[in-house]
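# Fold and geometry: a report
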Amino acid sequence: MMTATTAASPKGRRGGARRRRSAGPLFVAPFMALFLLLFLAPLGYAAYLSLFQERLIGGTAFVGLDNYVRALGDPQLIHGVVRVALFFVIQVPLMLLLALLFALALDSGLLRFAKVIRLGIFVPYAVPSVVAALMWGYLYGPGFGPFAQLSHDLHLPAPAFLSDGWMLGSLSNIVTWEFVGYNMIILYAALRTIPEELYEAAAMDGAGAWRIAWSIKLPALRPALMLTLLFSVIGSFQLFNEPKLLMSIAPDVISSSYTANLYAYTLAFTGQQVNYAATVSFLLGLVIVIVSYAVLLTANRRRTS
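Heads up: these notes are all about the structure in this document. Worth saying up front: this structure is predicted, and the values here are computed from it rather than measured.

Definitions and limits used
- Residues numbered from 1 in each chain as written.
- Predicted model: local features only at pLDDT ≥ 70, side-chain atom pairs only at ≥ 80, totals over all residues.
- Heavy atoms only, no water.
- Helix = DSSP H or I, 4+ residues; strand = E, 2+ residues; numbered from the N terminus.
- Rg over C-alpha atoms; globule rule 2.2 N^0.38 Å.
- Contact = heavy atoms within 4.5 Å.
- Lys, Arg positive; Asp, Glu negative; His and termini not counted.
- Charge placed at Lys NZ, Arg CZ, Asp CG, Glu CD.
- Salt bridge = Lys/Arg side-chain N within 4 Å of Asp/Glu carboxyl O.
- Buried < 20%, exposed > 50% of the residue type's maximum accessible area, 1.4 Å probe, protein only.
- Patch = residues over 30% accessible without salt bridge, like charges linked within 9 Å, V, L, I, M, F, W, Y side chains within 5 Å.
- Areas by Shrake-Rupley, 256 points an atom, 1.4 Å probe, with all protein chains shown as cover.
- Polar contact = N/O pair within 3.5 Å; in protein donor to acceptor, adjacent residues only side chain to side chain.
- Core = buried A, V, L, I, M, F, W, Y, C linked by side-chain atoms within 4.5 Å.
- Axes fitted to C-alpha atoms, helices over the stretch in contact; angles between N-to-C directions.
- Parallel < 35°, antiparallel > 145°, perpendicular 65-115°, else oblique.
- Left-handed = near helix turned anticlockwise from the far one by under 90°.
- Nonpolar A, V, L, I, M, F, W, Y, C, P; charged D, E, K, R; others polar.
- Phe/Tyr/Trp six-rings, centres within 6.5 Å; stacked < 30°, edge-to-face > 60°.
- Lys NZ or Arg CZ within 6 Å of the ring centre and 35° of its normal.

What follows is about the overall build of the chain. Within the chain, the regular secondary structure consists of 13 helices and two strands. The C-alpha atoms of the chain give 26 Å as radius of gyration, which overshoots the globular expectation for 305 residues (19 Å, by more than 25%). Expressed along its principal axes, the backbone C-alpha trace of the chain runs to roughly 95 × 70 × 40 Å. Across the chain, every contact between residues at least 6 apart in sequence was considered, and the portion connecting residues at least 24 apart equals 67%. Of the charged side chains in the chain, 21 are positive and 13 negative, and the gap between their average positions amounts to 20 Å.

To continue, consider the pattern of salt bridges. Going through the model one piece at a time under the given rule, you end up with two salt bridges. The closest approach of N and O atoms between D107 and R192, which form a salt bridge, is 3.1 Å. Of this pair, D107 sits in helix 3 (residues 75–107) while R192 is found in helix 7 (residues 167–192), placing the two residues 85 residues apart along the sequence. Classification of D107 by relative accessible area gives buried; the value is 10%. A salt bridge links D107 to K217; the shortest N-O distance between them is 2.9 Å. Here the residue D107 occupies a position in helix 3, and K217 occupies one in helix 9 (residues 209–220), the gap between them amounting to 110 residues. We note that D107, like K217, is buried. Here the residues in one salt-bridge network are D107, R192 and K217, joined through shared partners.

This brings us to a nonpolar patch on the surface. Side chains of F27, V28, F31, M32, L34, F35, L36, L37, L38, F39, L40 and L43 sit close together on the surface and give an oily, nonpolar patch of about 1,200 Å² of accessible area. Positionally, F31 belongs in helix 1 (residues 2–49).

Looking at where N67 falls in the secondary structure, it is placed in helix 2 (residues 66–72). Take N67: its relative accessible area is 1%, and that puts it in the buried class. Here the side chain of N67 touches S50 through a polar contact of 2.9 Å, landing on its backbone oxygen. When neighbours within four sequence positions are excluded, N67 is seen to be in contact with S50, F52, Q53, N275, Y276 and T279.

Looking now at the nonpolar core. Counting 45 residues, the largest nonpolar core has L77, L187, L221 and V280 as the members making the most contacts within it. Per element, the largest residue contribution to this core is eleven residues, and it comes from helix 3. Excluding residues that lie within four positions of it along the chain, L187 makes contacts with A99, L100, A103, L221, A224, L225 and T228. Counting residues in each nonpolar core, the second largest holds 19 residues, with W136, I174, M247 and I254 among its members.

Looking now at the packing of helix 4 (residues 114–126) against helix 7. Interhelical geometry of helix 4 versus helix 7 gives an angle of 125° and a closest axis separation of 6 Å. As the angle between them shows, helix 4 and helix 7 are arranged oblique. The crossing of helix 4 and helix 7 is left-handed. Touching R118, I121, F122, P124 and Y125 of helix 4 are W177, E178, F179, G181, Y182, M184, I185 and Y188, all from helix 7. The class makeup of the residues in the contact of helix 4 with helix 7 is ten nonpolar, one polar and two charged.

Moving on: the packing of aromatic side chains. This structure, assessed with the given rule, holds 18 aromatic pairs. What links up through ring pairs into an aromatic cluster is the set W136, Y140, F147, F161, W166 and W177. The ring of Y258 carries R83 above its face, with NZ or CZ at 4.5 Å from the centroid.

So, in structure tokens, the structure goes:
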């Protein structure tokens, strides 16, 4: 009896080890299936479409990289990418600075009703971007918005929020209002992971609140700041909902190619140029990858220098 138990024990251990090894792939399998079906398969199909072109005579024809050559010289696409890059330069530093200030203020423990304030800053992120764009579009309205009505009552010219010179600033305001709370939560969560012993040691050395924030908190926030910056790069170059909805009340300023993403949408669903739209989308993705890599490379060089 003892011999049978002894002989069965290694087999049981080997069986348990095999079950544990197979558990990992089983848990990962649902994600991999969805990732393949919802991301890689559409991406591959779009790559396939970008190599073809619809022609009046002959139907669909294989053109290789001709669509990409055309896109690289397309002034509408180039202007859209440059406009979005300018939007990124204007909006992202302001948004991340506000998120950082809010996170530091909440982490300081000096604010009363900190939980209520944190929730109030985060709530705009819970508002869908379509609703936010509609709401701010009403506020910006030159003939019906409250700012225009107030200016009329005061016999002042209405602010031109939707003019060509103000449009990028108006869009930046909407996106900042939407996402400053999201970035604040990321930075605040990173601050809460800093060991209390570092604060205590700094206080014993005579460091004040500003010195602790500068010498301890900000260096510890570099990975979180890099994460929020990368998210902002991706989100900025994919700008779509806000200009798409404001286009109805400012058609002279926001054209169908105002941003690269909006241009790809217009090509596919209005112009029925699906193949060229796939090409524009791929080039936009390439721009996002290049800018993201440049940001990471610059951050790593500063860290090592």
